[in-house]
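Overview (structure and organization)
Read off the chains here:
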Amino acid sequence: MKANCWNGVNDLEVQDVPDPKILNPRDAIIRVTSTAICGSDLHLYDGYVPTMERGDILGHEFMGEVVEVGPGVKNLKAGDRVVVPFPIACGGCLQCERQMYSLCENTNPNAWLAEKMFGHATSGIFGYSHLTGGFAGGQAEYARVPFADVGPIKVPDGMPDEQVLFLSDIFPTGYMAAEVCEIKPGDVIAVWGCGPVGQFAIKSAYLLGAERVIAIDRFRYRLRIARERAGAETINYEQEDVYEALMEMTGGRGPDAVIDAVGMEAHAPGAIHAYDRLKQAMMSETDRPYALRQAIMACKSGGIVSVIGVYGGLVDKFPMGSFMNRSLTMKTGQAHVQRYLKPLLGRIQKGEIDPSFVITHKLPLDRAPEGFKMFRDKQDECLKVVLYP
Ligand SMILES: [Zn+2]
Ligand SMILES: [Zn+2]
């Protein structure tokens, strides 16, 4: 089969690789009908995530048709159309019982590696380095899905891929980012980053009752999409002082909750960006937390800081004083996607949201490397690329 393989930093190639096979009774093999490139794939592409190996198949956002199931999978059969959540979860461990699926204790065979870095391991994740298990990803013609009796959700007839594909990650991720903000009527939510997850965080904040959502980015087209398709008010941080603008818009109190949908490769104007780039280059910090610092400083006292942008290691100049003295709460995590599949599918069916609003580019799988470059370099107003094997 064909698959999009990581061969080194900035080096991807669609290659012929062996077809996946059923290895365990609870596996299923899926013929992928569509798959997407995620902002967090760019961290692999750019070389910010360790433990990638030459030939690793990328992709954790995919859906398709079941072609084969192991004897332990009773709820799926060949021919079913399914969306596959990006965290791999066993369904039976303590964390899975608490619906903390991205923390599943049984699906990361390289837990020892993750424990060294994070203290404790996360679940396995498709196509996301050997730190999360080294599972082959879904930017391929076929994928093996472990614990297929727990993760995948069947798609009702008549719903196109483009409407449901993002249940695999970015819709639940954006939704969880907003949900943990404990939004109350009248609340103002600020979202750093107008990438695909940021767009879903904006939409979700409105679905959950926010009165106003203010979105922050520097790319005009992303801000335009946030305004026109997600309904946000916007701040371009290259043109305005974000803190000042937010204070002006919120009567001096700041947003009730803030969402960091940027993560470790934040960009900032001027000297502070150079400082963080330098620290990152010298390996004395792994992540550039500019958006996070700004979000903390702007958040209303007593408010919630929701961090959904991906971080990999250490940050520098974390404003702990502001965070502690002002009674802020931080909520984080890789999305517990399985928890959100049914309710969010329901919202799509009811017409409350059409997730296809983020798609700007559709390409055949063969052109995946080009899609990565276009997305990373923000060429052609690229916001979200869907690949078709
Ligand atoms: Zn993703
Ligand atoms: Zn589990």
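Along each chain, residue indices are assigned from 1 in the same order as the chain's sequence is written. Here chains are named by letter from A upward and ligands by number from 1 upward, in the order in which they appear as written. Selection of residues for local features in this predicted model requires a pLDDT of at least 70, selection of side-chain atom pairs for listing and counting requires 80 or more, and totals for whole chains, interfaces and linings are taken over all residues. Side-chain figures throughout are based on the complete set of non-hydrogen atoms in the structure, without hydrogens or water.

Let's shift gears to the sheet that holds strand β11 (residues 188-192). Strand pairs in the sheet, formed through backbone hydrogen bonds, run parallel or antiparallel to each other. Strands are treated as partners if at least two bridges between them are detected by DSSP. Counting from the N terminus, the helices are the DSSP runs of H or I reaching at least four residues and the strands are the DSSP runs of E reaching at least two. A sheet is described by the order of its strands in space; here 6 strands give the open sequence β13-β12-β11-β14-β15-β16, paired in parallel fashion. At either margin of the open sheet sits one strand with a lone partner, and together these are β13 (233-236) and β16 (329-332). Here the strands of the sheet are splayed against their neighbours by 20 degrees on average, with no regard to which way each runs. As paired elements, β11 and strand β12 (residues 212-217) share 5 bridges and run parallel to each other. Note that in β12 the partner of Val191 across the bridge is Ala215. What counts as an axis is a line fitted to C-alpha atoms, over the stretch in contact for a helix, and the angles between N-to-C directions run from 0 to 180 degrees.

This part covers helix α8 (residues 242-249). Given 3.6 residues to a turn, an α-helix orients residues that are three or four positions apart in the same direction. Partly exposed describes any residue whose relative accessible area lies between the buried limit of under 20% and the exposed limit of over 50%, with all areas from a 1.4 Å probe on protein chains only and scaled to the type maximum. Where α8 is concerned, the buried positions are Val242, Ala245, Leu246 and Met247. Here a residue-residue contact requires only that any non-hydrogen atoms of the pair lie within 4.5 Å. Lining the buried residues of α8 we find β11, β12, β13 and α10 (290-298). For α8, the N-terminal cap is Asp241; the gap from its side-chain oxygen to the backbone nitrogen of Tyr243 is 3.2 Å. Once α8 finishes, Gly251 follows within two positions and takes phi at roughly 60 degrees, a positive value. The definition of a polar contact used here is a pair of N or O atoms within 3.5 Å, where within protein one atom must be able to donate a hydrogen and the other to accept one, and adjacent residues in sequence count solely through side-chain atom pairs.

Viewed as axis vectors pointing N to C, helix α5 (residues 170-179) and helix α12 (residues 337-349) meet at an angle of 100 degrees, and their least axial separation amounts to 10 Å. Relative to α12, the element α5 lies roughly perpendicular. On the side of α5, the interface is formed by Phe171, Pro172, Tyr175, Met176 and Glu179, while α12 contributes Val337, Arg339, Tyr340, Leu344, Arg347 and Ile348. When grouped by side-chain class, the residues that make up the contact of α5 with α12 number 8 nonpolar, no polar and 3 charged. Here roughly perpendicular refers to angles of 65 to 115 degrees, roughly parallel to angles under 35, roughly antiparallel to angles over 145, and oblique to all remaining angles. Classification convention: Asp, Glu, Lys, Arg as charged; Ala, Val, Leu, Ile, Met, Phe, Trp, Tyr, Cys, Pro as nonpolar; all other residues, Gly among them, as polar.

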